[in-house]
Amino acid sequence: MPVGIVRACLRDGCGGSPTAVVDERRPAGTGSPLTDAERRRVPARAGTSHAVFLSYDPSPGDGHANARPVVSARFFTTEGELPACGHGTVAALAFLAAHPGHGEHRVDVRVSGRVIEGRAVHGASAGSTDVTFAAGPIDVREPTPQELALLLPVLELPTTVAPEARVATLGRPRLLVPVSARSALAALTPDPARLAAACDRLGLLGCFVHHSPGPDTDRVTARMFAPSIGVPEDIANVNSSACLAAHLLTRHGTPRIEVDMGDALGCPSTITATVRSTSPGAMVDITGSARVGQVRMIFV
């Protein structure tokens, strides 16, 4: 079966999160549709953490006046299906816009019942595509004492971070927790099994640990730990970056952030998140650069 590999959320044209993209609009192999068990096997066989599966949407247009066809996207890790995946959406939009020609391409993708109107333009670095789409709505709340009591010890973080920690939901809830220095962020080595057990008990996707030099800068460094979905650490996590942007606007009035991730894994990535509205539930515009790479043939 042919699988496209898209490196999503490049930083200065390099790195990014390798993401498998399977175009199920085309006959594959015997022509039989994949089962969900087979979809779960694709990320490992393709050498990626996530895989995106594209198919024709049964209700194209979704009432939009432009009447563009809509493509459905489903996201899988080895542990199962995700309701949403931000860097997978970046990869899907770049894949769908990848064809000869210049200028702007607009692509509509349905994710979890919501149509995302994506915009793609050729990027500054050779072969890259800059993708923008709206993520949301996002809900942010204070964590419960139980959530902090279970997660902070696993992360080996002090209770002094608790006042700034938040639980944010975009697709699924996750803990956002700050650290005071980049060195503290780099030193994190949470035990995947303990963290997965704690997140499963709390119904959380994972923990997004971040560092910002201060409220006057828009540059943030972050790491996302999500072993419950089979991803001990994520190279790029767009949805958590969007959640953090929504929180920082409320907390510090910061309207836009650039989130650097992946350095601990040797795959630098960057995500730009700009808050567009805050009620009822924040809407955040995401921009990420991606490069559509080689096609691999795998067996599932």
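Here the structure is a predicted model, which means the values were calculated and not measured. (Residues numbered from 1 in each chain as written. Predicted model: local features only at pLDDT ≥ 70, side-chain atom pairs only at ≥ 80, totals over all residues. Heavy atoms only, no water.)

Chemist: Account for the pairing of strand E11 (residues 207-211), with residues named and values stated.
Modeler: Where burial is concerned, most of E11 is hidden: five out of the five residues are buried. Side-chain alternation along E11 places Cys 207, Val 209 and His 211 on one buried face and Phe 208 and His 210 on a second face that is also buried. One ladder, built from four bridges, connects strand E10 (residues 172-178) with E11; its direction is parallel. Paired with Val 177 across the strands is Val 209, a residue of E11. (Buried < 20%, exposed > 50% of the residue type's maximum accessible area, 1.4 Å probe, protein only. Helix = DSSP H or I, 4+ residues; strand = E, 2+ residues; numbered from the N terminus. Pairing = 2+ DSSP bridges.)

Chemist: How would you explain the pairing of strand E2 (residues 17-23) if you had to name every residue and give the values?
Modeler: Most of E2 sits inside the fold, with seven of its seven residues counted as buried. A two-sided burial pattern is seen for E2, the buried positions comprising Ser 17, Thr 19, Val 21 and Asp 23 on one face and Pro 18, Ala 20 and Val 22 on the other. Where strand E1 (residues 2-8) lies against E2, five bridges are found, and the strand directions are antiparallel. Paired with Ile 5 across the two strands is Ala 20, which belongs to E2.

Chemist: Describe in detail the environment of Ile 257, supporting the description with residues and values.
Modeler: Inspection of the secondary structure assignment puts Ile 257 in strand E14 (residues 256-261). Separated by 81 residues in the primary sequence, Ile 257 and Leu 176 have C-alpha atoms spaced 15 Å apart. With residues up to four places along the chain from it excluded, the contact list for Ile 257 reads Asp 218, Val 220, Ser 241, Leu 244, Ala 245, Leu 248, Ile 271, Thr 272 and Ala 273. (Contact = heavy atoms within 4.5 Å.)

Chemist: Any details on unusual backbone geometry? Residues and values, ideally.
Modeler: The phi dihedral of Asp 12 falls on the positive side, at around 55 degrees, and the residue is not glycine. Mapped onto the fold, Asp 12 is located in the loop between E1 and E2. We classify Asp 12 as exposed; its relative accessible area is 75%. A positive phi angle, close to 50 degrees, is found at Ser 112, a residue other than glycine. Relative to the helices and strands, Ser 112 is located in the loop between strand E6 (104-111) and strand E7 (114-122). Overall, the relative accessible area of 56% leaves Ser 112 in the exposed class.

Chemist: Talk me through the state of the cysteines; I want residue IDs and the actual numbers.
Modeler: In a disulfide, the sulfur atoms of two cysteines are held together by a covalent bond. All told, the structure shown has zero disulfides when counted by the stated rule. A disulfide-free cysteine, Cys 85 has its sulfur positioned 9.1 Å from the sulfur of Cys 9, the nearest such atom. On the basis of relative accessibility, which here comes to 5%, the residue Cys 85 falls in the buried class. No disulfide involves Cys 199; its sulfur sits 4.4 Å from that of Cys 207, the nearest cysteine. For Cys 199, a relative accessible area of 0% puts it in the buried group. (Disulfide = S-S within 2.5 Å.)

Chemist: An account of the nonpolar core is needed here, citing residue identities and associated values.
Modeler: Formed by 57 residues in total, the largest nonpolar core has its most connected members in Leu 54, Phe 133 and Ile 286. Ranked by residue count, the leading element in this core is helix H2 (residues 86-97), at eight residues. Once you skip the residues sitting within four places of it in the chain, Leu 54 turns out to touch Val 21, Val 22, Asp 23, Glu 24, Arg 25, Val 71, Ser 72, Ala 73, Ala 92, Phe 95 and Leu 96. Grouped together as the second largest cluster of nonpolar side chains are 23 residues, Leu 151, Val 154, Val 167 and Leu 195 included. (Core = buried A, V, L, I, M, F, W, Y, C linked by side-chain atoms within 4.5 Å.)

Chemist: With reference to specific residues and values, describe H2.
Modeler: Here H2 is twelve residues long and its end C-alpha atoms lie 17 Å apart, about the 16 Å a rise of 1.5 Å per residue gives. Along H2, twelve of the twelve residues are buried, which leaves the element largely enclosed by surrounding structure. For H2, the set of buried residues is Gly 86, His 87, Gly 88, Thr 89, Val 90, Ala 91, Ala 92, Leu 93, Ala 94, Phe 95, Leu 96 and Ala 97. (Expected span 1.5 Å × (residues − 1).)

Chemist: Just give me the short version of the packing of helix H3 (residues 145-155) against helix H5 (residues 192-202), but keep the residues and values in it.
Modeler: Packing of H3 against H5 leaves a shortest axis separation of 9 Å and a crossing angle of 170 degrees. Here H3 lies roughly antiparallel to H5, going by the angle between them. For the pair formed by H3 and H5, the contact residues are Gln 146, Glu 147, Leu 150, Leu 151, Pro 153 and Val 154 on the first element and Arg 194, Leu 195, Ala 198, Cys 199, Arg 201 and Leu 202 on the second. Classifying every residue of the contact of H3 with H5 gives eight nonpolar, one polar and three charged. (Axes fitted to C-alpha atoms, helices over the stretch in contact; angles between N-to-C directions. Parallel < 35°, antiparallel > 145°, perpendicular 65-115°, else oblique. Nonpolar A, V, L, I, M, F, W, Y, C, P; charged D, E, K, R; others polar.)

Chemist: Summarise the packing of aromatic side chains; cite the residues concerned and give the values.
Modeler: Scanning all chains against the criterion turns up one aromatic pair. Note on Phe 53 and Phe 76: the rings are 5.5 Å apart at their centroids and 90 degrees apart in plane angle, and the pair reads as edge-to-face. Taken together, the residues span a long stretch of sequence, with Phe 53 in strand E3 (residues 50-56) and Phe 76 in strand E4 (residues 70-77) at a distance of 23 residues. Judged by relative accessible area, which is 1%, Phe 53 ranks as buried. The cationic tip of Arg 25 hangs over the ring face of Tyr 56; the distance from NZ or CZ to the ring centre is 5.8 Å. When the ring centre of Phe 53 is taken as origin, the NZ or CZ atom of Arg 39, which lies over that ring, is 5.7 Å away. (Phe/Tyr/Trp six-rings, centres within 6.5 Å; stacked < 30°, edge-to-face > 60°. Lys NZ or Arg CZ within 6 Å of the ring centre and 35° of its normal.)

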